[in-house]
Amino acid sequence: MMLPTMPNKNHSSAPKFDRKAGSLSMFLDKVEQLSVSCELTPRQTIEWVICYAPGSDEHKLWSNLDTSTGNDWGAFKRELFAQYPGSTGDCKYSVADLEMLTEKQAAGQITTAEQFGIFYRSFMKISRFLKAKNKLNNHEISSLFMHGLDYSFRLQVRSQMWAENPKHHSDDPYTLLQICEAALFILSCNHDNVDTESALTESAISTIKKERFDLSGISSSLQTSGVNINALTLELIKHMGLQTAVTVGQMNQNGGYNNSAVPNAPRLRSNNCLFCSDSSHYQHSCPKVTKYIQKRLCICNNENYIILPNRTRVTPWTAPGQNIMERLDN
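Conventions and cut-offs
Residues numbered from 1 in each chain as written. Predicted model: local features only at pLDDT ≥ 70, side-chain atom pairs only at ≥ 80, totals over all residues. Heavy atoms only, no water. Helix = DSSP H or I, 4+ residues; strand = E, 2+ residues; numbered from the N terminus. Buried < 20%, exposed > 50% of the residue type's maximum accessible area, 1.4 Å probe, protein only. Contact = heavy atoms within 4.5 Å. Areas by Shrake-Rupley, 256 points an atom, 1.4 Å probe, with all protein chains shown as cover. Phe/Tyr/Trp six-rings, centres within 6.5 Å; stacked < 30°, edge-to-face > 60°. Core = buried A, V, L, I, M, F, W, Y, C linked by side-chain atoms within 4.5 Å. Salt bridge = Lys/Arg side-chain N within 4 Å of Asp/Glu carboxyl O. Axes fitted to C-alpha atoms, helices over the stretch in contact; angles between N-to-C directions. Parallel < 35°, antiparallel > 145°, perpendicular 65-115°, else oblique. Left-handed = near helix turned anticlockwise from the far one by under 90°. Nonpolar A, V, L, I, M, F, W, Y, C, P; charged D, E, K, R; others polar.

Comments concerning the overall build of the chain
Turning to step 1, where the next piece is worked out: Helix and strand content of the chain: 13 helices and four strands.
Turning to step 2, where the next piece is worked out: Classification of the 330 residues of the chain by burial places 31% in the buried group.
Turning to step 3, where the next piece is worked out: Taking the intrachain contacts of the chain between residues at least 6 apart in sequence as the baseline, contacts between residues at least 24 apart amount to 50%.
Turning to step 4, where the next piece is worked out: In the structure as shown, the chain presents an accessible area of about 22,100 Å², 53% of it carried by carbon and sulfur atoms.

Below you can see the structure in the form of structure tokens.
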């Protein structure tokens, strides 16, 4: 049985070295694999490496190494690596690189599993290298990963992990696996909620039917019979659940509106921020919410409700105030 032969330098299957330090290890590994399959001696393997040198300068450099004429393959590799600083990968990544990655990611938001996966893969590529070099341990890695999540998302992940394991001691860091499982669960729930809300909204819009009633024909008849048309209209509107902001006041005899409130009139949703009552934004984009959360005066739970650190809902019964911010202050 004939043994395979080493490919010619110009053949497409021949190992190639692009003169970059980071590629040297892969190049030598491929030569070594081919030499094993061809049952070459260490001396022959060294000769083939020199043969595959990418240019005349590299060929001269490699040929003049002290170990180039010997039979010690390991010694030859070590001497060749020394000619290309950084080729062994000892300084490929630093802790500063990982911290920079987490700080950059924390400045943005993760809203989908795809975005989470991109950050996770980038983080793991660096953290595994640093762990292998004994630069970081598991606790430090999980802590850094947690700080790579934006503040709001991080609070949700912590709340989810606490809900799953309420007996977990606060001094014991969560594992990377626990963080990932909680994060993916929250993202999947958020995605389901968005799909459901969109479907309900589209369904509601498609089923809305506008009705118009012409009362001009019966208005004069009712008035001649002594029936107050304005009072009757208000009563119908109230019972049909069509009360609007304009009809909260009662009609006067001239068809206008006064300031007295209609008892038990239904209320429309306010267009102001529920947290600070500002009309320029809603609670999810309120800058004051972020400040209060950063000061640990409150947190946002999985249902996007503002709650106290002891997980009590902030309601009018919790403390007096016109909005959530005033109740927290009180």
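Observations concerning the packing of aromatic side chains
Turning to step 1, where the next piece is worked out: Counted by the stated rule, this structure contains 13 aromatic pairs.
Turning to step 2, where the next piece is worked out: Consider the rings of Phe116 and Phe145, whose centres lie 5.8 Å apart with planes at 90°: the pair is edge-to-face. Of the two residues, Phe116 sits in helix 6 (residues 113-132) while Phe145 sits in helix 7 (residues 138-147), which places them 29 residues apart along the sequence. In this structure, Phe116 and Phe145 share a single accessibility class: buried.
Turning to step 3, where the next piece is worked out: Ring geometry for Phe119 against Phe123: centres 5.9 Å apart, planes inclined by 55°, an arrangement best described as tilted. Placement of the pair is Phe119 and Phe123 together in helix 6, with a separation of four residues, close to one helical turn.
Turning to step 4, where the next piece is worked out: Among the residues examined, Phe123 registers a relative accessible area of 0% and is labelled buried.

Points about the nonpolar core
Turning to step 1, where the next piece is worked out: By size, the foremost hydrophobic cluster in this structure holds 27 residues, and its most contacted members are Phe116, Phe123, Phe145, Leu149, Phe153 and Val157.
Turning to step 2, where the next piece is worked out: Those elements that provide at least two residues to this core are helix 6, helix 7, helix 8 (151-164) and helix 9 (176-207).
Turning to step 3, where the next piece is worked out: Beyond its immediate sequence surroundings of up to four residues, Leu149 is in contact with Ala106, Ile110, Phe116, Phe119, Arg154 and Val157.
Turning to step 4, where the next piece is worked out: With 20 residues, the next largest nonpolar core counts Phe17, Ile50, Tyr52 and Ala53 among its residues.

Considerations on the pattern of salt bridges
Turning to step 1, where the next piece is worked out: If you walk through the whole model with that rule in mind, you get three salt bridges.
Turning to step 2, where the next piece is worked out: Here Glu58 and Arg19 are joined by a salt bridge, their closest N and O atoms 3.0 Å apart. Residue Glu58 is found in helix 3 (residues 56-63), and its partner Arg19 is found in the segment before helix 1 (21-37); the two are separated by 39 residues along the sequence.
Turning to step 3, where the next piece is worked out: Of the residues examined, Arg19 reaches a relative accessible area of 45% and is grouped as partly exposed.
Turning to step 4, where the next piece is worked out: Across the pair Arg43 and Glu47 runs a salt bridge, and its minimum N-O distance is 3.2 Å. One end of the pair, Arg43, and the other, Glu47, are both in helix 2 (residues 42-51), four residues apart, so they sit about a helical turn from each other.
Turning to step 5, where the next piece is worked out: By relative accessible area, Glu47 is classed as partly exposed at 39%.

Re the packing of helix 6 against helix 7
Turning to step 1, where the next piece is worked out: Relative to each other, helix 6 and helix 7 sit at 155°, their axes nearing to 11 Å. The angle between the axes of helix 6 and helix 7 places the two elements in the roughly antiparallel class. Judged by the sense of rotation from one axis to the other, the crossing of helix 6 with helix 7 is right-handed. Along the contact surface, helix 6 presents Phe116, Phe119, Tyr120, Phe123, Ser127 and Lys131, while helix 7 presents Asn138, Ile141, Leu144 and Phe145.
Turning to step 2, where the next piece is worked out: Per-class residue counts for the contact of helix 6 with helix 7 are seven nonpolar, two polar and one charged.

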